Amino acid sequence: IIMKIKNIISLISFLCLFVSCTDDDSFSLSKSDILTFSTDTISMDTIFSTVPTSTRTFWVYNKAGDGIRCTKVRLARGNQTGFRINVDGEYLSPTSGYQISDVEIRKNDSIRVFVELTSPENGKQEPQLLEDELVFLLESGVEQKVALNAYTWDANLLKNVYVQNDTTIGTDSKPTVIYGGLTVDSCATLNIAAGTTLYFHGDAGINIYGRMISEGTADRNIVLRGDRLDNMFDYLPYDNVSGQWQGIRFYGSSYENKICYTDIHSTFNGIVCDSSDVSKVKLQLLNSTVHNCQGYGVKSENCSIEIRNSQITNTLNDCVAIFGGSAIIQQCTLAQFYPFDSNRGAALYYSNFQGERYMPLLKMDCLNSIVTGYANDVITGAKMDDETKVFNYRFVNSLLRTPEVTDDENIINVTFENVEDTSAVSGEENFVLVDIDKQRYDFHLNEKSPAINTAAIEYSLPEDRDGRQRDELPDVGCYEYFNDPTNNENE
């Protein structure tokens, strides 16, 4: 009897398993049973022609009561657009005619689709819309589609550029994308034309052994940025993410460099100046912006540099770091609101040593400038423990976020932010916009900022960062405040 019972149980289990397998293996021919997609459109935003994109993905779900079989999954335009598709591990290859057959999706199951694009050149100066469709032909005869699109932009692609003679870059009508870096020989000068935007791949930066002149104008700024034109998230373009390219380095043999009306952003290090003869000016940084760096904003090692009317903001390390030498920081905005790491550096760091190496700090003058950020103290002065070592600094008519100092003759007519005031959480109240969640910033002055009308006239520059005339009561920082709100918007 026990054996009979066991046999009956085994037979029932087998029949259940058979029925289950039969149900799972059934595929619907009903036109009402269709696929569900996690998105109806894959958009690549704007990309450069002939440059491979990152991979996008979407899911295909079967929420019907039976399995669904796709007799074909194909690219509507075949080889015309440059889209590359992988469906559940199977590549839509040229040899297969950019299609695959008999793709099965069982009930309550899903598959994943991967999309990449390397678009052909379009022969136009402006970005052009490129469109295709991924077509799912169901066994029932129903046809479902996912749209694929991108704006593609023809560009000059330069790799491992070495400038041996005086050269001007940026006069071409196409954008210029640089891979592997741009190096300027010690006997050459690189000129970047006003209005130019240079796009740098992640491995690329500018290495100057000779000289660089990046001289934009108030209405035709030069922009140095990364080459990613797409978004990391819907709200966050890669252009707003730090570390997209390597930045600018001036080597020991480089002098008389000038960066004017230039926007440098989303780099690793913004600008690094190697140790040099301090009797010669290494760099003038004028009416420019260095923003959102994964390393330093401006780092100077035993050099002579001048920073005037410039915005240097949001860096993982210090916004400005002066290791010895001579530095003038005049009517600048240094603001440390780096969003990606709470262990951010100072807004301003100055020292007469680096490691164990003594570097005489001949001069560090901070004049008519804003130095602020999230922390209660965003300024660090580090001095060697030896009174005979040169350590010269001055803060004059500046707005500083640091505990108040009353007994230092080198701090003259300074306004200290009240770091004890809990209603003023940080220095962000000085500015039009500091939105750490969406990575949006506007460092023009808020109407309530104490920087307004408090600059010393003898240290004031005639124009601000945007090239606008300062008034008879000039403001501290690189931007002049105007009652007309349209004059306080970023370009």
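Quick notes on the rules
Residues numbered from 1 in each chain as written. Predicted model: local features only at pLDDT ≥ 70, side-chain atom pairs only at ≥ 80, totals over all residues. Heavy atoms only, no water. Phe/Tyr/Trp six-rings, centres within 6.5 Å; stacked < 30°, edge-to-face > 60°. Helix = DSSP H or I, 4+ residues; strand = E, 2+ residues; numbered from the N terminus. Buried < 20%, exposed > 50% of the residue type's maximum accessible area, 1.4 Å probe, protein only. Lys NZ or Arg CZ within 6 Å of the ring centre and 35° of its normal. Disulfide = S-S within 2.5 Å. Contact = heavy atoms within 4.5 Å. Pairing = 2+ DSSP bridges. Salt bridge = Lys/Arg side-chain N within 4 Å of Asp/Glu carboxyl O.

Draft legend 1. Inspection of the packing of aromatic side chains at higher detail. Following the criterion strictly, the structure yields 20 aromatic pairs and no others. Seen from their ring centres, F48 and W153 are 5.9 Å apart, and the 20° between their planes marks the pair as stacked. Remark: W153 occurs in strand β10 (residues 143-153) and F48 occurs in strand β2 (residues 41-48); sequence separation between them is 105 residues. Comparing F48 with W153 shows no difference in burial state: the two are buried. Aromatic ring contacts, followed pair by pair, group F337, Y374, F431, Y441 and F443 into a single cluster. A cation over an aromatic ring shows up here: R69 above the ring of F27, its NZ or CZ 4.1 Å from the ring centre. Above the ring of Y255, the side-chain terminus of K280 is found at 4.0 Å from the ring centroid.

Draft legend 2. Examining the state of the cysteines more closely. For the coordinates displayed, the defined rule picks out 0 disulfides. Just so you know, C187 is unpaired, no disulfide at all, and the nearest cysteine sulfur is the one on C303, 20 Å from it. For C187, a relative accessible area of 66% translates into the label exposed. In this structure C303 is not part of a disulfide, and its nearest cysteine sulfur, from C273, lies 5.2 Å away. The class for C303 is buried, based on a relative accessible area of 0%.

Draft legend 3. Highlighting the environment of Q244. Here Q244 shows up in the loop between β20 (236-237) and β21 (248-250). Sequence separation between Q244 and C319 is 75 residues, and the spatial gap between their C-alpha atoms is 17 Å. Other than its neighbours up to four places away in sequence, Q244 contacts F200, H201, G202, G226, R228, Y238, S266 and T267.

Draft legend 4. Quick look at the sheet that holds strand β8 (residues 110-117). Reading across the sheet, the 5 strands line up as β1-β3-β8-β5-β6 and stay open at both edges, with antiparallel pairing between neighbours. Only two strands of the sheet have a single neighbouring strand rather than two, namely β1 (36-37) and β6 (90-91). Of the strand pairs in this sheet, β1 and strand β3 (residues 56-61) are connected by 2 bridges, and their pairing is antiparallel. When the sheet's bridge partners are listed, T36 is paired in β3 with Y61.

Draft legend 5. Highlighting the pattern of salt bridges. Applying the stated criterion to the full structure yields 21 salt bridges. Where R56 meets D230, a salt bridge forms, and the shortest distance between an N and an O atom there is 3.5 Å. Remark: D230 occurs in the loop between β18 (222-226) and β19 (231-233) and R56 occurs in strand β3; sequence separation between them is 174 residues. A single burial state applies to R56 and to D230, both of which are buried. Of the charged contacts in the structure, one is a salt bridge between K383 and E387, with a shortest N-O distance of 3.0 Å.

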